[in-house]
Amino acid sequence: MPTPLSPLLMIPGPVEVSPAVLAAAAVPPPGHTAPRLIEAFGASLGMMRQIWQADAASQPFILAGSGTLAMEVAAANLIEPGERALVLNTGFFSERMMAILRRAGAEVIEVGAPVGEAPGMDEVRDALRRGSPCKALFATHVDTSTGVRVDPEPLCHLARAAGVLAVFDGVCATAGERFAMAAWDADLYFTGSQKAIGLPPGLALMVAGERALAARESRRAAPPPLYLDWHSWLPIHRAYEERKPSYFATPATTLVMALESGLGEILEAGIEARVAAHARTAAALRAAWRTLGLRTVPQSEAVTANTLSVLLFPECIDASLLPKIAARGVTVAGGLHPAVKATSFRVGHMGYTVTRPDYLRRTVEAVAGALQDAGAAVDVEEAVKALDT
Ligand SMILES: *Cc1c(COP(=O)(O)O)cnc(C)c1O
């Protein structure tokens, strides 16, 4: 919720948070053994299973850190030096995953695609068959630099058929895009709190399935760094879920209070309704962008994310559009992927924002008005009206 002094934050994370989440975080920091904190932690773990649509045998983790910490945890627990990891490259964050995997000693097999597209399933299948077996397949559910979304379900099938782990970076997707961990038999799905989950930044959230946990158990190489190691955290998370105090390293207690509130809000209407709200929001915004003549970096609807828009500047307009949008009270983000860094800008529409049509109207008004300021012949009214069609 923006205050009168702060602009509306429409970047792909951090995002606007709800009044309830804001209120939940506005408390004196609870101790890590306070009954209220234990309840919030334990309840959040249970709600994560519901939102991830994971089974009872899966293990949710709540760690203090950003989304990148979750990526590190995935690599550190699942990959032993010398093992092969296949990575679908759909943008900046897939590249980061590859860098993390290489530091963990993995031999990375990359399956790429032109910017704005996703690799085909045949290519992935072929890559899995070539050479010695892979340990895991990694994909970025939504890459925040390109706005490209992959479909995790067929990737899970390919992974199962090849006997490899299926790991998904959901940092810009979890609770905003369809994901059914148990039904699709995925092994690990992680996110950061400040993206589609709709919370302040500071928590790495992940759910590991039984196979992923077993991979850590049977590790032969040296154990992962202590903070990254699931072994360090399992007893603590199990204790919290049984509503017992425990300690390994201090959790971000204030953020856990906010997490309980935010996850509860998502589950009030249910995860399906929340994902559907993201799809409706994205469709409305796409209609508005079309009336403004803005083209998207994703090359087809099938690979276009519902959590953000990555838009190309029109002819004769550049990044000087962003301060013009900011002057109208809305913050959007610049380009991130090197190939479209200077030619694109990004609008986040995830989390609490999808329940606020007024935020969408303000955003479209600001973008359309700024385009006019920059000399483009656009119709602000028509763009706003397109939101309702
Ligand atoms: C934001 C993001 C990350 C990194 O998360 P941080 O919280 O910035 O560390 C990783 N992957 C994707 C897809 C993201 O959008």
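### As for the pattern of salt bridges
With the rule as written, the count across this model stands at 17 salt bridges. For the salt bridge of Glu-301 with Arg-286, the shortest nitrogen-to-oxygen distance reads 3.5 Å. One end of the pair, Glu-301, is in the loop between helix 11 (271–291) and strand 11 (308–312); the other, Arg-286, is in helix 11, and 15 residues separate them in sequence. For Arg-361, the salt bridge goes to Glu-365, with nearest N and O atoms at 4.0 Å. In this pair, Arg-361 and Glu-365 both sit in helix 13 (residues 357–373), 4 residues apart, roughly one turn of the helix. Look at Arg-361 and you get partly exposed, because its relative accessible area is 38%. Owing to a relative accessible area of 34%, Glu-365 belongs among the partly exposed residues under this scheme.

### Focus on the pairing of strand 9 (residues 188–192)
Regular strands have side chains that alternate between both faces of the sheet. Judged by how many residues are buried, strand 9 sits mostly within the fold: 5 of 5 residues are covered. In strand 9, alternate side chains face the same way, and those of Leu-188, Phe-190 and Gly-192 on one face and Tyr-189 and Thr-191 on the other are all buried. In terms of strand pairing, strand 8 (residues 165–169) meets strand 9 through 3 bridges, oriented parallel. Residue pairing across strands places Val-167 opposite Leu-188, the latter belonging to strand 9.

### Some points on the sheet that holds strand 4 (residues 107–111)
Strand order in this open sheet of 7 strands is 2-10-9-8-5-3-4, and the pairing throughout is mixed. Looking at strand neighbours, the two that pair on one side only are strand 2 (59–64) and strand 4, the edges of this open sheet. Pairs of neighbouring strands in the sheet enclose a mean axial angle of 20°, with direction left out of account. On top of the sheet, helix 2 (residues 35–52) reaches strand 2, strand 9 and strand 10 (203–208); it is set at about 120° to strand 2, its chief contact.

### Describing the domain arrangement of the protein
The domain architecture assigned to the protein consists of domain 1 (8–16 + 271–388) and domain 2 (19–268). Facing 29 residues of domain 1, the contacting portion of domain 2 comprises 32 residues. Interface area lost by domain 1 to domain 2 is led by Ile-271, Val-303 and His-337, which between them contribute 23%. At the junction of domain 1 with domain 2, the criterion picks out 0 salt bridges. The tally of links between domain 1 and domain 2 comes to 8 residue pairs in polar contact (both at pLDDT 80 or more). Within the residue set of the side of domain 1 that touches domain 2, elements represented by two or more residues are helix 11 and strand 11. Here the side of domain 1 that touches domain 2 gets 5 residues from one element, more than from any other, and that element is helix 11. For the side of domain 1 that touches domain 2, the residue count by class is 17 nonpolar, 8 polar and 4 charged.

### Things to note about unusual backbone geometry
The linkage connecting Gly-13 with the following residue, Pro-14, adopts the cis geometry, with an omega of -5°. Along the chain, the position of Pro-14 falls in the loop between strand 1 (8–9) and helix 1 (19–25). A positive phi angle, close to 55°, is found at Gln-53, a residue other than glycine. Take Gln-53: it is sitting in the loop between helix 2 and strand 2.

### With respect to the pairing of strand 8
Summarising burial for strand 8: 5 of the 5 residues are buried, a large majority. What you see with strand 8 is no split at all: Leu-165, Val-167 and Asp-169 on one side and Ala-166 and Phe-168 on the other are buried throughout. As paired elements, strand 5 (residues 136–140) and strand 8 share 5 bridges and run parallel to each other. Across the sheet, Thr-140 pairs through a bridge with Asp-169, a residue of strand 8.

Definitions and limits used
- Residues numbered from 1 in each chain as written.
- Predicted model: local features only at pLDDT ≥ 70, side-chain atom pairs only at ≥ 80, totals over all residues.
- Heavy atoms only, no water.
- Salt bridge = Lys/Arg side-chain N within 4 Å of Asp/Glu carboxyl O.
- Helix = DSSP H or I, 4+ residues; strand = E, 2+ residues; numbered from the N terminus.
- Buried < 20%, exposed > 50% of the residue type's maximum accessible area, 1.4 Å probe, protein only.
- Pairing = 2+ DSSP bridges.
- Axes fitted to C-alpha atoms, helices over the stretch in contact; angles between N-to-C directions.
- Contact = heavy atoms within 4.5 Å.
- Domains from an automatic or database assignment.
- Buried area = accessible area lost by both parts, 1.4 Å probe.
- Polar contact = N/O pair within 3.5 Å; in protein donor to acceptor, adjacent residues only side chain to side chain.
- Nonpolar A, V, L, I, M, F, W, Y, C, P; charged D, E, K, R; others polar.

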